[in-house]
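# A structural walkthrough
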Amino acid sequence: MDEKFIEEMKTQLIESRNAILANLIQKNADLTEMNASENLTDYADIASSFTDQQMIETIGLQDANRIKLINSALLRIEEKKYGKCIKCKKEIPIDRLKAIPYALKCISCQEMDEKRKQAKP
């Protein structure tokens, strides 16, 4: 795989990670401010506040998972393993990496895993 492409992906991964971290910090500050300023007087307000907090936490968990994937991709770059499928060891197509820079698997292996997950009860 072309070194220039890998450097571009590394830059993109770092920028994505920084953006996610900044977003998480802002969400945390917003949640803290929301909790401090709320004067909940009825059950509807309490339920709405609880739902908002759960949504923010869920988004935070999704972002945390993306950070793990990004860090894993950055580690694979350091280890010279970036762009290779972790299952079949074949090269992941560049178009897939452009779309999902932290992709772990080639399209074929990813599809097989998804079919297996859907088949499980």
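For the structure itself, look to the data block above.
A quick note: this is a predicted structure, and the numbers were derived from the prediction, not measured.

Our focus in this paragraph is a negative patch on the surface. A surface patch of like charges, here negative, comprises Asp2, Glu3, Glu7 and Glu8. Looking at the secondary structure, you find aspartate 2 in the segment before α1 (3–37).

Here we take up the layout of surface pockets. In this model, the largest pocket occupies a volume close to 170 Å³. Lining of the largest pocket is provided by 13 residues; of these, Glu3, Ile6, Ile77, Lys80 and Lys81 occupy positions nearest its centre. Listed by contribution, the elements that provide at least two residues to the lining of the largest pocket are α1 and α2 (43–78). Broken down by element, the lining of the largest pocket gets its largest block of residues, four residues, from α1. Residues of the lining of the largest pocket, tallied by class, amount to four nonpolar, no polar and nine charged.

Within the largest apolar cluster, 17 residues are counted, with the highest numbers of intra-cluster contacts made by Leu13, Ile70, Leu74, Ile77, Tyr82, Cys85 and Leu97. Contributing elements (two or more residues each) for this core: α1 and α2.

Quick notes on the rules
Residues numbered from 1 in each chain as written. Predicted model: local features only at pLDDT ≥ 70, side-chain atom pairs only at ≥ 80, totals over all residues. Heavy atoms only, no water. Patch = residues over 30% accessible without salt bridge, like charges linked within 9 Å, V, L, I, M, F, W, Y side chains within 5 Å. Areas by Shrake-Rupley, 256 points an atom, 1.4 Å probe, with all protein chains shown as cover. Salt bridge = Lys/Arg side-chain N within 4 Å of Asp/Glu carboxyl O. Lys, Arg positive; Asp, Glu negative; His and termini not counted. Charge placed at Lys NZ, Arg CZ, Asp CG, Glu CD. Helix = DSSP H or I, 4+ residues; strand = E, 2+ residues; numbered from the N terminus. 1 Å grid on protein atoms, 1.4 Å probe; cavity = no way out; pocket = protein on both sides within 12 Å on 5 of 7 lines; lining within 4 Å. Points joined across faces, edges and corners; volume = space filled by probe spheres on them. Nonpolar A, V, L, I, M, F, W, Y, C, P; charged D, E, K, R; others polar. Core = buried A, V, L, I, M, F, W, Y, C linked by side-chain atoms within 4.5 Å. Buried < 20%, exposed > 50% of the residue type's maximum accessible area, 1.4 Å probe, protein only.

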